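A look at the structure
In case you want the letters, here they are:
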Amino acid sequence: MSGEPGPDAAHPREEVEVKLPARNLGALRESLRDQGATLLAPMHEEVNDLYDFLPSPAEDASRSLAASGRTVRLRTAAGRSIVTYKGKARFQNGVKIREEREVEVSDGGEAHGILEGLGLTRRFRYEKRREEWSLEGCAVALDQTPIGDFVEVEGDPAAIRKVFVRLGLDFGEAIPYSYAELYQRRRKEESSLPPDMVWRR
């Protein structure tokens, strides 16, 4: 082994996406069908765990991933487990861009153990139901969450704008927040909500 970083390390993948509230997922689904979109995955459950370093009061709080805008996530969905790293986000013309690296793992429980062994602690869980489509080379996700419905469009910025036009979406309604951030904002308004964004059982 040369010890040299591979091309993926030198040129990290970037996630380019726009998220906005969805008033009617059924109508969006019909619009996707009418526009000839391809269904990639029917509605399915997702469990997402976010991990972070939780320093003691004597330690530097800047060690926190969240404080620096970074994320480590373990997602379980449709029998698959995926570990994802996301870098700090930046915004260009309403589009959210951030470094993203992910790898599928064979055992989510073992992945959890590895993350904890590295000093990370699960700090937040959010659940959602997601349906995935492809249109104009973009991934279009229809999400049902405990705090409402959303649509996410991920792909090349020019292609994202084409999808917005074809689906009648409004860039002016785009929101810059992750689901974790959205939930924490909602909890400030509704203190009775549980610490995690999970379905009431």
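Every residue gets a number counted from 1 within its own chain, in the order that chain's sequence is written. Local features are withheld for residues below a pLDDT of 70 in this predicted model, meaning they are given only at 70 or higher, and side-chain atom pairs are given and counted only at 80 or more; totals for whole chains, interfaces and linings count all residues. The side-chain quantities take in all heavy atoms of the structure and omit both hydrogens and water.

Attention now goes to helix H3 (residues 108-117). Classification of residues uses two cut-offs on accessible area relative to the type maximum, computed with a 1.4 Å probe and protein chains only: under 20% is buried, over 50% is exposed, and between them is partly exposed. Secondary structure elements are taken from DSSP: a helix is a run of H or I of four residues or more, a strand is a run of E of two residues or more, and numbering for both begins at the N terminus. Buried within H3 are the following residues: Gly 108, Ala 111 and Leu 115. Summarising the axial view, the buried residues of H3 lie within an arc of 55°, below the 170-degree limit, and thus occupy one face. Residues of H3 that are exposed and point over 90 degrees away from its buried face: Glu 110, Ile 114 and Gly 117. The definition of a polar contact used here is a pair of N or O atoms within 3.5 Å, where within protein one atom must be able to donate a hydrogen and the other to accept one, and adjacent residues in sequence count solely through side-chain atom pairs. Measuring from the side-chain oxygen of the N-cap residue of H3 to the backbone nitrogen of Gly 109 gives 2.9 Å; that N-cap residue is Asp 107. Two residues or fewer after H3 comes Gly 119, characterised by a positive phi angle close to 95°. Regarding the arc, it is the one traced by the directions from the helix axis to the C-beta atoms.

We define a salt bridge as a contact between a side-chain nitrogen of Lys or Arg and a carboxyl oxygen of Asp or Glu at a distance within 4 Å. With the rule as written, the count across this model stands at 22 salt bridges. Notably, a salt bridge pairs Arg 29 with Glu 131, separated by 2.9 Å at the nearest N-O pair. You can see Arg 29 sitting in helix H2 (residues 25-34) and its partner Glu 131 sitting in strand E7 (residues 121-135), a full 102 residues away along the chain. Across the pair Lys 128 and Glu 46 runs a salt bridge whose closest N-O atoms are separated by 2.7 Å. Pair noted here: Lys 128 is in strand E7 and Glu 46 is in strand E2 (residues 38-52), with a separation of 82 residues, a long-range link. One exposure class covers both Lys 128 and Glu 46, and it is buried. A single network of salt bridges, built from pairs that share partners, joins Arg 13, Glu 15, Lys 86, Glu 100 and Glu 154.

A few words on H2. Within the sequence span of H2, burial applies to Leu 25, Leu 28, Arg 29, Ser 31 and Leu 32. Looking down the long axis of H2, one finds its buried residues gathered within 160° of arc, a one-sided arrangement. Throughout, a contact is declared for two residues whenever any of their heavy atoms are within 4.5 Å. Against the buried residues of H2 lie E2, E7, strand E8 (138-145), strand E9 (148-154) and helix H4 (157-167). At the N-terminal end of H2, a side-chain oxygen is found 3.0 Å from the backbone nitrogen of Gly 26, two or three residues along, and the residue is Asn 24. Once H2 finishes, Gly 36 follows within two positions and takes phi at roughly 80°, a positive value.

It is worth spelling out the pairing of strand E1 (residues 14-21) at this point. E1 sits mainly inside the fold: six of its eight residues count as buried. Pairing between E1 and strand E6 (residues 95-105): four bridges, direction antiparallel. When the sheet's bridge partners are listed, Glu 17 is paired in E6 with Lys 96. Note that E1 and E9 share five bridges and pair antiparallel. Across the sheet, residue Lys 19 finds its bridge partner in E9, namely Glu 152. Strand pairing follows a simple DSSP-based rule, namely that at least 2 bridges must link the two strands.

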